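Residue-level structure breakdown
Take a look at the letters that make up each chain.
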Amino acid sequence: MAGRGVTWLGTPTFPKAARTALADTQLRTNLRNATTTIRGKRAGAVAELPDWEPLRLAGEAIKDEVLADLGTYLERLEAAVTARGGVVHWARDAVEANEIVLRLTREAGADEVVKIKSMATAEIGLNEALAEGGVQAVETDLAELIVQLGEDRPSHILVPAIHRNRSEIREIFRREMPDVPEDITDEPRELAEAARRHLRQKFLTAKVAVSGANFAVADSGSVVVVESEGNGRMCLTLPETLITVMGIEKVVPTWSDLEVFLQLLPRSSTAERMNPYTSVWTGVTPGDGPKNFHLILLDNGRTDTLADTVGRQALRCIRCSACLNVCPVYERTGGAAYGSVYPGPIGAILTPQLLGEDVDKQARSLPYASSLCGACFEVCPVRIDIPEVLVHLRAEAVQAKNKTSPEAVAMAALAWAMGDARRWAAAQKAAGIGRLLSRGGRITSLPWPGSKWTSSRDLPAPPKETFRAWWRRTRG
Amino acid sequence: MLGRIRAALADRPGPVTVPRDYDRTREAADPLALLAERIEDYRAVVHRVDAAGLPGRIATSLAARGARRMAAPVDLPTSWLAPEVTWRPDTDQSLTIDELDGIDGVLTGCAVAVAETGTLVLDAGEAQGRRVLTLLPDYHLCVVRADQVAVSLPEALARLDGTRPLTFVSGPSATSDIELNRVEGVHGPRTLEVVIVTGG
Ligand code: SF4
């Protein structure tokens, strides 16, 4: 298998996949309803905090501080976890990480593991690797369960089954759950109840659980998982062995840094003041929870990403999914079109970077899956300048293809212009870039490679005033 | 991997100063009222009583719920143990998973509460027991003392020890995975009821 996972083998390039997705009106309706709803709620939840901008600035700086000295913080984390009875493993890539999980599961004498939704384990293709080794992975998050039973791909970071409506879910449950009542309706309450019954016995008997982590505190060794349903708590408390797979960028320096992220994440993500459950544990606690705790620190392309001075900011991402919900491209195509575990604007910059030299045609097409409207930066709780990284990656992709093609020149110029706020403002004023191409508020044709995209779909034109211009006008 | 990290940082990004000018503390005219309002936003039931009214309130809530067999951390104050109810103390982790699965509910205290977000934090300390006690029973009745209430999340975290097993609870278990409809109760307790004790 490919060393790093991340993308789904055999998926078409973004423009092709997008064309298929665009033909699916049901999918688009489901997505539009969902993203519009979350968008509105998020704005309300954020407006409630008077210090939202200072929190974003602190979040950005804490993550940058971690990245600037990542080795030190990881060693500190390892020492703290070990001191509290946990075992820390370092995995360079997907293959290594999967091997460790499989070995630990076998050592625990289990042929089944329960899982709490984790992007890191999706990224490394853990479920498939375990299946090859004779171990079944059971997803316990309701949306993940819907996706798993429907033999489907997740389409959203936060609500992976957002593309399915209630009657579709009812059909999947009736087909795939042996114990589901014959007369189950499509009431969300009944469907959730069916999932509860379906998974209860698995929780009560599971020997091994696998989780991801939202944060890990270097100083104390505390690991944090944020969730809603309680399936996370089940996995983190009941089995004898807990294996947590965590990207190395998830570490934060001190306990009090969580005061920033536990405010930024729920409001950006589910638009709640706080998610129903947050669990924190450190190593093992005798008499309470798992007897064995293993923490796998996963690189899988992250050190390559770290080496790119423009692109490394993508490692600040806390996977809140706010950027997906504001993205005009994502709203029309859904997550599956990205062909990656990481969809939407963040996926467009993270996927090709994580793949590094393994990067394939499909992943290389992702930085074009954007209208560069800037909305993703505006909502990002850790201020990742996604448009800047997109342009940077486009320039790299074009350079790799042909050093002197007209696209290369244009992209390099664009990257240069975007590299500096003042240059960018001047360039936009001078050219009005996207608007030059638009007729009646829609962009009907873009130069290659954007043309591959616009040939199947009109794009909304970027607003007359750029986000940055607006920012300068209102805050400057 | 540490070598790769060092190599990746060859440009030597300088140390970053983190701007901490967000609000560490915040004022609230009536933190207990704010806490009650915010917990109710999660569709949990909230009561406010004074210390003298607490035992009666617990008994009334359990009766209304029809709870006859309740799990209890070993160190619950005896005045909380309503006499009409069979209490199952978790002495030396004696309650099995199956027992907890079949029990009517659990009564606990908490370590800290966050008024602004309507969050209760349990740290396995006094009157809270191990984590599984508040996970398997379908009903969780939680008592919060006035002195345990912090207004903001930073204030609450400052009071907690990050190396203890912590559970932050904000309303009952819930999912929004089906067409973004909020449904209470998937795997955790479906009913959360909170008693706020005024006046310490
Ligand atoms: S890039 Fe920012 S907005 Fe997007 S998921 Fe990551 S943290 Fe959230």
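Named according to an unreviewed UniProt entry, chain A is (4Fe-4S) cluster-containing protein originating from Actinoalloteichus fjordicus.

**What about the overall build of chain B?**
Within chain B, the regular secondary structure consists of five helices and twelve strands. Its C-alpha atoms put chain B at 70 × 45 × 40 Å along the principal axes. When each of the 200 residues of chain B is scored for burial, the buried share is 56%. Long-range pairs, those at least 24 residues apart, make up 71% of the contacts in chain B with a sequence separation of at least 6. For chain B, the exposed surface amounts to about 8,000 Å²; the carbon and sulfur share of it is 48%. Put simply, chain B has 21 plus and 28 minus side-chain charges, and the middle of one group is 5 Å from the middle of the other.

**Regarding the nonpolar core**
Most often, soluble globular proteins have nonpolar side chains that are buried together. Core analysis: the biggest nonpolar cluster contains 81 residues, and Phe215(A), Leu258(A), Ile346(A), Ile349(A) and Leu160(B) have the highest contact counts within it. Excluding residues within four positions of it along the chain, Phe215(A) makes contact with Ser222(A), Val223(A), Val224(A), Lys250(A), Val252(A), Leu258(A), Phe261(A), Leu262(A), Leu265(A) and Ile318(A). Of all hydrophobic cores here, the second largest spans 68 residues; its members include Ala195(A), Trp281(A), Phe293(A) and Leu306(A).

**Quick look at the confidence of the model for chain A**
Looking at chain A as a whole, its pLDDT mean stands at 83, while 81% of the residues score no less than 70. Note that pLDDT drops below 50 for residues 430-468 of chain A; the model gives that stretch 74 contacts with residues more than four away or on any other chain.

**Re the site of the ligand**
Looking at the ligand, the residues that line it are Cys317(A), Ile318(A), Arg319(A), Cys320(A), Ser321(A), Cys323(A), Ile346(A), Cys380(A), Pro381(A), Val382(A), Ile384(A) and Ile386(A). Looking at side-chain class alone, the shell around the ligand contains ten nonpolar, one polar and one charged residues.

**Digging into the sheet that holds strand S8 (residues 251-252) of chain A**
Paired through backbone hydrogen bonds, the strands of a sheet run either parallel or antiparallel to each other. The sheet built from eight strands is open, its strands ordered S8(A)-S5(A)-S6(A)-S9(A)-S9(B)-S6(B)-S5(B)-S8(B) with mixed pairing. Two strands bound the open sheet, and with one partner strand each, they are S8 of chain A together with strand S8 (149-150) of chain B. Bridge analysis of strand S5 (residues 112-114) of chain B against strand S6 (residues 119-122) of chain B gives three bridges, and the strand direction is antiparallel. Of the residues in S6(B), the one forming a bridge with Ala113(B) is Leu120(B). Across the sheet, helix H12 (residues 258-269) of chain A lies against strand S5 (215-217), strand S6 (222-227), S8 and strand S9 (277-282) of chain A, angled at about 170° from S5(A), the strand it touches most.

**Details of the pattern of salt bridges**
With the rule as written, the count across this model stands at 45 salt bridges over all chains. Salt-bridge contacts for Arg316(A) lead to Asp64(A); the nearest nitrogen and oxygen are separated by 3.0 Å. In this pair, Arg316(A) sits in the loop between helix H13 (302-307) and helix H14 (322-326) while Asp64(A) sits in helix H3 (residues 52-68), placing the two residues 252 residues apart along the sequence. Its relative accessible area of 25% is what places Asp64(A) among the partly exposed residues. Two residues, Asp257(A) and Arg20(B), come together in a salt bridge whose shortest N-O distance is 2.6 Å. Residue Asp257(A) is located in the loop between S8 and H12, and its partner Arg20(B) is located in the loop between helix H1 (2-8) and helix H2 (31-41); the two belong to separate chains. Accessibility expressed as a relative area gives 32% for Arg20(B), which makes it partly exposed. Among the ionic contacts, a cluster of salt bridges with common partners joins Glu48(A), Arg267(A), Arg273(A), Glu37(B), Arg38(B) and Asp41(B).

**A look at the interface of chain A and chain B**
Contact with chain A, which involves 93 residues of that partner, is made by 71 residues of chain B. In total, chain A and chain B occlude about 6,700 Å² of area from one another, counting both sides; carbon and sulfur atoms represent 58% of this. In this structure, the connection of chain A to chain B is made through 13 salt bridges. Taken together, the connections running from chain A to chain B amount to 35 residue pairs in polar contact (both at pLDDT 80 or more). In terms of residue count, the dominant contributor to the side of chain A that touches chain B is helix H10 (residues 188-205) of chain A (eleven residues).

**As for the sheet that holds strand S3 (residues 86-89) of chain B**
Residue and element names in this part refer to chain B. Pairing is parallel in the open sheet, where six strands are placed in the order S1-S12-S7-S4-S2-S3. A strand with exactly one partner marks an edge of an open sheet, and here the two such strands are strand S1 (45-50) and S3. Each strand axis lies, on average, 25° off the axis of its neighbour in the sheet, ignoring direction. Across four bridges, the pairing between strand S2 (residues 69-72) and S3 is parallel. Bridging from a neighbouring strand, methionine 70 pairs with tryptophan 87 of S3. Its contacts with the sheet place H2 against S1, strand S7 (139-145) and strand S12 (191-198), and it is angled at close to 160° to S1. The sheet contacts of helix H3 (residues 54-65) involve S1, S2, S3, strand S4 (105-108), S7 and S12, and relative to S7 the element is tilted by about 165°.

**Remarks on the UniProt feature "domain: LUD" (unreviewed entry) in chain A**
Look at the UniProt record and you will see "domain: LUD" (unreviewed entry) annotated at residues 74-296 of chain A. The annotated region residues 74-296 of chain A carries 41% helix and 21% strand content, and the separation between its end C-alpha atoms amounts to 11 Å.

About the cut-offs
- Residues numbered from 1 in each chain as written.
- Chains lettered and ligands numbered in written order.
- Predicted model: local features only at pLDDT ≥ 70, side-chain atom pairs only at ≥ 80, totals over all residues.
- Heavy atoms only, no water.
- Helix = DSSP H or I, 4+ residues; strand = E, 2+ residues; numbered from the N terminus.
- Buried < 20%, exposed > 50% of the residue type's maximum accessible area, 1.4 Å probe, protein only.
- Contact = heavy atoms within 4.5 Å.
- Areas by Shrake-Rupley, 256 points an atom, 1.4 Å probe, with all protein chains shown as cover.
- Lys, Arg positive; Asp, Glu negative; His and termini not counted.
- Charge placed at Lys NZ, Arg CZ, Asp CG, Glu CD.
- Core = buried A, V, L, I, M, F, W, Y, C linked by side-chain atoms within 4.5 Å.
- pLDDT = per-residue confidence, 0-100.
- Near = heavy atom within 4 Å.
- Nonpolar A, V, L, I, M, F, W, Y, C, P; charged D, E, K, R; others polar.
- Pairing = 2+ DSSP bridges.
- Axes fitted to C-alpha atoms, helices over the stretch in contact; angles between N-to-C directions.
- Salt bridge = Lys/Arg side-chain N within 4 Å of Asp/Glu carboxyl O.
- Buried area = accessible area lost by both parts, 1.4 Å probe.
- Polar contact = N/O pair within 3.5 Å; in protein donor to acceptor, adjacent residues only side chain to side chain.
- UniProt positions renumbered as here; feature names shortened; annotations may be inferred.

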